[in-house]
Amino acid sequence: TFARAVYAYELDVLDEEAWCYSATNPSDTRFDVARFRLPADAARACRLRFEGVPTAEHSWFPPFLWSMACCERCRSHLGWAFHREGASTPEFV
């Protein structure tokens, strides 16, 4: 079941609280996802670029919509950004 496959824990990273999720995919590979809140103007300071139209399809954090978070300079995929419906900037990555 989903409850057995995923569990949450808190972690302090650079003096900021982050929620982390440890999960196992269908291929039995274990991975962790960290969720960070974005203070105002943090995306620009971190040089993040959000690509694509935010979508609710397969969102890990309903009712939030997701889009890709990329390096502003090289466009490498860094993770995902999660937006409230109608918001112009994401609430967390």
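Quick note: structure is the one above.
On a predicted model such as this, the values are computed, not experimentally measured, just so you know. (Residues numbered from 1 in each chain as written. Predicted model: local features only at pLDDT ≥ 70, side-chain atom pairs only at ≥ 80, totals over all residues. Heavy atoms only, no water.)

Asker: Explain a negative patch on the surface to me, please; I cannot follow it from the model alone.
Answerer: Taken together, the side chains of Glu10, Asp12, Asp15, Glu16 and Glu17 define an acidic patch exposed on the protein surface. Counting residues per element, the ones that place at least two in the negative patch are strand 1 (6-13) and strand 2 (16-24). Within the element layout of this structure, Glu17 appears in strand 2. (Patch = residues over 30% accessible without salt bridge, like charges linked within 9 Å, V, L, I, M, F, W, Y side chains within 5 Å. Areas by Shrake-Rupley, 256 points an atom, 1.4 Å probe, with all protein chains shown as cover. Salt bridge = Lys/Arg side-chain N within 4 Å of Asp/Glu carboxyl O. Lys, Arg positive; Asp, Glu negative; His and termini not counted. Charge placed at Lys NZ, Arg CZ, Asp CG, Glu CD. Helix = DSSP H or I, 4+ residues; strand = E, 2+ residues; numbered from the N terminus.)

Asker: What should I look at first to understand the side chain of His83 in this one?
Answerer: Locating His83 in the fold gives a position in strand 6 (residues 77-83). The class for His83 is buried, based on a relative accessible area of 4%. A polar contact of 2.8 Å, which involves the side chain of His83, links it to the side chain of Ser67. (Buried < 20%, exposed > 50% of the residue type's maximum accessible area, 1.4 Å probe, protein only. Polar contact = N/O pair within 3.5 Å; in protein donor to acceptor, adjacent residues only side chain to side chain.)

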